[in-house]
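Geometric and topological summary
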Amino acid sequence: MESPKIHIKTISAETTHLVRHPVLRPGMAIESCILPGDELKSTIHLGAYDQNTLLGVCTILDNPKDGRFMVPNGQIRGMAVLSSTQNSGVGRLLLTEVESRAKSRGFEVIWMNARKGASGFYLNMGYRIEGSEFEVPIFGPHYVMKKQLL
Ligand SMILES: CC(C)(COP(=O)(O)OP(=O)(O)OC[C@H]1O[C@@H](n2cnc3c(N)ncnc32)[C@H](O)[C@@H]1OP(=O)(O)O)[C@@H](O)C(=O)NCCC(=O)NCCS
């Protein structure tokens, strides 16, 4: 059930830590919230707000050169919604806005290394699993998931 009050706006890399930390890095040093590429001018950080309260965050990196995709692509990182707000439509709103911005930039593909536990969310949003499950130390099993945008 979506709240009509939720709005999404561009935020700083540091502001994402307010949600990344409790959701993605609980109990870890705050510095663990800094992700490679956060500081790049081409990187977009988005926050979902209910009035002035930040509920969810998502970051998109412009064309990371990891050799996986040979077409213009965006990598999603740090997708997180506060646990008290999960399953109320905030993640869908964030991802929809990310996709809209990615299309405007001419990205043909959007992808991420998805935690296995979140893969149902991405499947629900039209993403597909590429290849086999793999293990990320500390964070557990993941899949590469992608969506063709153009
Ligand atoms: C994954 C996450 C970002 C999803 O955000 P959310 O706000 O809870 O998701 P929404 O409420 O917008 O859900 C959208 C749809 O996906 C479904 N969904 C959400 N999480 C799901 C999951 N883990 N498995 C299966 N389906 C899921 C919802 O039921 C909803 O379906 P519907 O539209 O048919 O009703 C959020 O749950 C989260 O932060 N999880 C912990 C951190 C994490 O794993 N982040 C991803 C790292 S790759």
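To start, this report covers the structure provided alongside it.

Calculation rules
Residues numbered from 1 in each chain as written. Predicted model: local features only at pLDDT ≥ 70, side-chain atom pairs only at ≥ 80, totals over all residues. Near = placed C-beta within 6 Å. Nonpolar A, V, L, I, M, F, W, Y, C, P; charged D, E, K, R; others polar. Pairing = 2+ DSSP bridges. Helix = DSSP H or I, 4+ residues; strand = E, 2+ residues; numbered from the N terminus. Right-handed = clockwise from strand over helix to strand, strands pointing away. Contact = placed C-beta atoms within 7 Å.

To continue, consider the site of the ligand. In the vicinity of the ligand lie 20 residues, with Gln86, Gly91, Arg92, Gly120 and Phe121 positioned nearest. Here the residues of the shell around the ligand are counted per class, giving 10 nonpolar, eight polar and two charged.

With three bridges connecting them, strand β4 (residues 73–81) and strand β5 (residues 109–115) associate as parallel partners. Within the sheet, the bridge partner assigned to glycine 74 lies in β5 and is isoleucine 110. Handedness of the crossover joining β4 and β5 through helix α2 (residues 90–104) is recorded here as right-handed. With seven bridges connecting them, β5 and strand β7 (residues 140–148) associate as antiparallel partners. Within the sheet, the bridge partner assigned to alanine 114 lies in β7 and is tyrosine 143.

The next point concerns the environment of isoleucine 8. Along the polypeptide, isoleucine 8 turns up in strand β1 (residues 6–10). As for isoleucine 8 and aspartate 50, which are separated by 42 residues in sequence, their C-alpha atoms are 9.0 Å apart. Excluding residues that lie within four positions of it along the chain, isoleucine 8 makes contacts with Leu46, Gly47, Ala48, Leu93, Leu94 and Glu97.

Such coordinate-based values are descriptive only and should not be taken to indicate function.
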